[in-house]
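Take a look at the letters that make up each chain.
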Amino acid sequence: MTEQASPQVLLVVELTMRPGAQREMREALDRLVDATRQESGVVRFEVGLDPDDDTRVLGYEIWASQEALEEHKAKAHTREFRARVRELVVDPATPMRTGRWRPMREELPAAYVAGTPGFAPPAAVPAAVPAGFTSERRLVNDVRMHYVIGGSGTPIVLLHGFPNTWYAWRDVMPRLAERHTVIAVDLRGLGDSDPGTRPNNVATGADDLHGLVAELGLGPVMLAGQDWGGSTAFAFAAAHPEEVRRLAVLEAMPAGPWTETGSGSGGAWFVGFHQIPDLPESLVAGRERAYLDWFFRAFSANPGVPTPAAVDEYVRCYTRPGAMASAFARYRGRDREIEHNTRHLSRPLDLPVMAVGGEQVFGAAVAENLRHGASNVRQEVFAGCGHYVSEERPAELAGLLLSFFDGM
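Residues numbered from 1 in each chain as written. Predicted model: local features only at pLDDT ≥ 70, side-chain atom pairs only at ≥ 80, totals over all residues. Heavy atoms only, no water.

Undergrad: An account of helix H3 (residues 76-85) is requested, with residue identities and associated values reported.
TA: Taken as a whole, H3 has its buried residues at His77, Thr78, Phe81 and Val85. An end-on view of H3 places all buried positions within 100 degrees of arc, on one side of the element. Tucked inside the fold, the buried residues of H3 contact strand S1 (9-16), helix H1 (22-36) and helix H2 (66-74). (Buried < 20%, exposed > 50% of the residue type's maximum accessible area, 1.4 Å probe, protein only. Helix = DSSP H or I, 4+ residues; strand = E, 2+ residues; numbered from the N terminus. Arc of directions from axis to C-beta. Contact = heavy atoms within 4.5 Å.)

Here is the structure:
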């Protein structure tokens, strides 16, 4: 007689935290989720908040078998969570309520389970940070924001674009850190930052940056953003001009009341493609490296830039579950960006703004666009440069940013 396979175990877990413990609970849950999703026996492991009660946490779990569940219970990260959660809930004697459920249709493995299209192996190791810098995370709004920080002095915040991460600034950061505290941030849902539950668009990114600046106590900052990072930086300055000393926008075309609205309005072919709901995710899944390679080849004016090591790091990040969807969401949120900037810009920004373009891509158009929304714009164009200015011209860009940020 053959042995029958153990059936899946499906659980719903509920806990109620004491008021004021939300941040500590979120941090404990984040650690539990990150570790649990690496277990071989998990089929699905989701955690969320009751939308009407942010002290009520709901968990939705599917385990391959009862044996897999028992192994999970014995794991160190599970035991640590159970001990920690007793300190954070209303009733320590009964910290969690657990029940069973039955699906109305077959449940498929989540994207973080090995063998699922788009799965990124957990063994992928993040690229090293520059010497003198550290990789850190901070809870902001509904996400853990990842950033790399180093140096000392007046803060400079750096934002990346698509298809990059904080790593695009790696060769610029050490030079800036000779005079400044430098913080290179992964945008929500990209790099090693969480996607959260809010729309991954420019307006949300500006709010995330506002929260991070407050959390780190940075005060007014120097700010530089490339591509979508440039649009996010501009939106942040529009909403919070008192928090920005000087703004540099690289190879980006921030949108506002001067921008044509509607999906697919203008731009390259991929702009309209990325705005189609769900389709890009389906077609790119499992082919992320080939897709990203096309962008690197098409929009870099310097062969071999980004380097193979940088491409590996970007592929690591963009094959994380939901990362490509987070990137595409920014294209789909263009009208929201226009609405945000229109609402906040009663008059053009009057703080110093530097527009930087790569001659082979946006060039002088960066400054032309920014002059619609800012009154004090300095134009710079890098000859023989493509879209990835921070990687194609790192030394020259670092010098230019230092000159601009230090008021020279």
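Undergrad: Any details on the sheet that holds strand S10 (residues 244-250)? Residues and values, ideally.
TA: With respect to topology, eight strands assemble into an open sheet ordered S5-S6-S8-S7-S9-S10-S11-S12, the strand pairing being mixed. Either end of the sheet is taken by a strand with one partner, and the two such strands are strand S5 (133-140) and strand S12 (377-382). Neighbour-to-neighbour, the strand axes of the sheet open up by a mean angle of 20 degrees, direction not taken into account. Two elements, strand S9 (residues 221-226) and S10, share six bridges in a ladder whose sense is parallel. (Pairing = 2+ DSSP bridges. Axes fitted to C-alpha atoms, helices over the stretch in contact; angles between N-to-C directions.)

Undergrad: Break down the pairing of S1 for me, with residues and values.
TA: In terms of strand pairing, S1 meets strand S3 (residues 53-63) through eight bridges, oriented antiparallel. If you follow Val12 over to S3, its bridge partner there is Tyr60.

Undergrad: Describe unusual backbone geometry, listing the residues and the values that go with them.
TA: The omega torsion across Phe162 and Pro163 is 0 degrees, close enough to zero to call that bond cis. For Pro163, the location among the structural elements is in the loop between strand S7 (155-159) and helix H4 (173-176). For the bond running from Val305 to Pro306, omega is 0 degrees, close enough to zero to count as cis. One can find Pro306 in the loop between helix H9 (288-299) and helix H10 (308-318). Its identity is not glycine, yet Glu251 carries a phi of approximately 45 degrees, on the positive side.

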